[in-house]
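Residue-level structural notes
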There are 2 protein chains.
Amino acid sequence: MPLAVGFEEIAANRCFAGWHRRYRHRSATLRCDMVFAVYLPPQADQRRVPALYWLSGLTCSDENFMQKAGAMRLAATLGLAIVVPDTSPRGAGVPGDPDGAWDFGHGAGFYLNATQEPWAAHYQMHDYVVHELPALIEEALPIDARRGICGHSMGGHGALVCALRNPGRYLSLSAMAPISHPLASPWGEKAFLRYLGEDLAAWRAWDACELIAVARERLPLLVDQGEADPFLAAQLRPETLRQACAAAGHPLTLRLHPGYDHSYYFIATFIEDHLRHHAAVLLA
Amino acid sequence: MPLAVGFEEIAANRCFAGWHRRYRHRSATLRCDMVFAVYLPPQADQRRVPALYWLSGLTCSDENFMQKAGAMRLAATLGLAIVVPDTSPRGAGVPGDPDGAWDFGHGAGFYLNATQEPWAAHYQMHDYVVHELPALIEEALPIDARRGICGHSMGGHGALVCALRNPGRYLSLSAMAPISHPLASPWGEKAFLRYLGEDLAAWRAWDACELIAVARERLPLLVDQGEADPFLAAQLRPETLRQACAAAGHPLTLRLHPGYDHSYYFIATFIEDHLRHHAAVLLA
């Protein structure tokens, strides 16, 4: 396959008769160079395929999911591409956490559009993930506009918010161990205060539970959560999502799994159910 | 499950209804503390299960295969345990490569018994993998003596040599991108010279092609190799294995895969074929 215009290919690995590829490109939205990964199933040699966008959690890059989730086997069978962006803008000119923490800044963009400086100049991950990256990919790769979105932890929050804020843009939605109600979780509070300032109304616009209450579109939502997840009670709070969905009449399948934690061993165990959830719509 | 006697459990992750567990223990053979990983399928809650021993390649620890190979899904279905030792002795008192290279010493034990000092005091990986570790595991975990062995690159060499030197000890054997003929490869030459000295007869005792020529047992051998593997021509040399098997009448299925490289994307693509190869014997 020829190199996509404007993308620098930095890795290509044959995998389940398709290709895992990594690209570097200049992001106008984020004002920095970004790397993302794509899995192209073998069907993409013949025709355009739909894509599942995967948003990773805190500290991850484009690599974690592709290396650890074990998603390519079934994606190759289904004919589903997987797109994995990085979790924040990066680079020498992009400010990180002032204290060097791992839960803010580099690797922790929270998939929102920051309004507060110095973050706002680069941290526009929502627009990057929802608009810039799909436009580039659908122009340059054999991937079409049938889009599903899923993610883990911070990326579960991201997937929910990206879909809920943009009705019609995604055909399918799911999340694994999402930060369900970030404006009432320590990770979310820290990030929202810095990225968005002190206005609670601004926080509500990036909170899945708040958005579900007023959503115009009701994509059926699959959520998996491990009951031995150490972040369950304080950070993830799936019961808030259950309550928000119940109050709004939003279709939710929330599965709680005894013994499972927050790791990729949990993700790997249930990722195929998520691929099938998306494929049932994207490949219908 | 109670902690195995003499093992310190350092991680436990629920995965495909079974458990990924990591243990630290004191190795009498290697004279240092060692970490290994086990995947116990759900069937091990009820009965003892057979085990596939996986030997990893240069620079790896017990973690790479468990995180990246995607082997647990099918292992859980089949009822097959997976045991992954580290690739060398380690620790402050264990000498590594004098030049700090990654292809000798720590992470590069080559699964042999060194005879030359300062290596011989610790580098006895063959006896550790073949004898000490299985004895500990079969005593303390719900794993029995039905053993298969497989590995990648340096670990492919290791799997071949462990089985060929110990007829009757393994019921099944396979390898992925093995160093087929280490005494005629740069990686092998460097390691054998230091670990074994200058006596070519000593080298032959740790070389799969040499051992196949004189083997008393003919376990059917499955080998997968990517044709885009950058180490193919100089280090891995599968044609030497093909020639040795043909000359000796050793049953070999050697599959060359266009486009595939040396990475875990290659391993993930074909690992399930290896699990089935082993399960066909171990679970017959």
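Refer to the preceding data block for the structure.
Conventions used here
- Residues numbered from 1 in each chain as written.
- Chains lettered and ligands numbered in written order.
- Predicted model: local features only at pLDDT ≥ 70, side-chain atom pairs only at ≥ 80, totals over all residues.
- Heavy atoms only, no water.
- Buried < 20%, exposed > 50% of the residue type's maximum accessible area, 1.4 Å probe, protein only.
- Helix = DSSP H or I, 4+ residues; strand = E, 2+ residues; numbered from the N terminus.
- Arc of directions from axis to C-beta.
- Phe/Tyr/Trp six-rings, centres within 6.5 Å; stacked < 30°, edge-to-face > 60°.
- Lys NZ or Arg CZ within 6 Å of the ring centre and 35° of its normal.
- Pairing = 2+ DSSP bridges.
- Contact = heavy atoms within 4.5 Å.
- Buried area = accessible area lost by both parts, 1.4 Å probe.
- Salt bridge = Lys/Arg side-chain N within 4 Å of Asp/Glu carboxyl O.
- Polar contact = N/O pair within 3.5 Å; in protein donor to acceptor, adjacent residues only side chain to side chain.
- Nonpolar A, V, L, I, M, F, W, Y, C, P; charged D, E, K, R; others polar.

1. So, helix H5 (residues 186-196) of chain A
All names here are of chain A.
- Within H5 the residues assigned to the buried category are Trp187, Gly188, Ala191, Phe192, Tyr195 and Leu196. Axial view of H5: buried residues confined to an arc of 110 degrees, hence all on one face.
- Positive phi appears at Gly197, one or two residues downstream of H5, with a value of about 85 degrees.

2. Description of the packing of aromatic side chains
- Evaluated as defined, the whole model comprises 30 aromatic pairs over all chains.
- Taking the centre distance of 5.0 Å and the plane angle of 65 degrees together, the rings of Tyr260(B) and Phe270(B) count as edge-to-face. With Tyr260(B) in the loop between strand E9 (252-257) and helix H10 (264-282) and Phe270(B) in helix H10, this pair connects stretches of sequence that are 10 residues apart.
- Using a relative accessible area of 9% as the deciding quantity, one classes Phe270(B) as buried.
- Feature note: the residues Phe104(A), Trp119(A), Tyr123(A) and Tyr195(A) constitute an aromatic cluster, connected by ring pairs.
- One Lys or Arg, Arg165(A), reaches over the ring of Trp206(A) and ends 3.5 Å from the middle of that ring.

3. Structural notes on the pairing of strand E6 (residues 143-151) of chain B
All names here are of chain B.
- Burial of E6 is extensive: 7 of the 9 residues sit out of reach of the surface.
- Bridge count for E6 against strand E7 (residues 172-176) is 2 bridges, and the pairing is parallel. Pairing of Ile149 across the sheet is with Leu173, part of E7.

4. Focus on the interface of chain A and chain B
- Chain A puts 23 residues into the contact, and the matching count from chain B is 23 residues.
- Summing the contributions of chain A and of chain B, the shared interface buries around 1,800 Å²; its carbon and sulfur component is 54%.
- On the chain A side of the contact with chain B, Arg14(A), Gln67(A) and Tyr265(A) bury the most area, a combined 36% of that side's loss.
- Counting across the interface, chain A meets chain B through 0 salt bridges.
- Scanning the region where chain A abuts chain B turns up 8 residue pairs in polar contact (both at pLDDT 80 or more).
- Of all elements in the fold, only strand E1 (8-15), strand E2 (18-27), helix H1 (63-68), helix H2 (72-78) and helix H10 (264-282) of chain A reach the threshold of two or more residues within the side of chain A that touches chain B.
- A per-element tally of the side of chain A that touches chain B places H10(A) first, with 5 residues.
- Considering only residue class, the side of chain A that touches chain B consists of 12 nonpolar, 6 polar and 5 charged.

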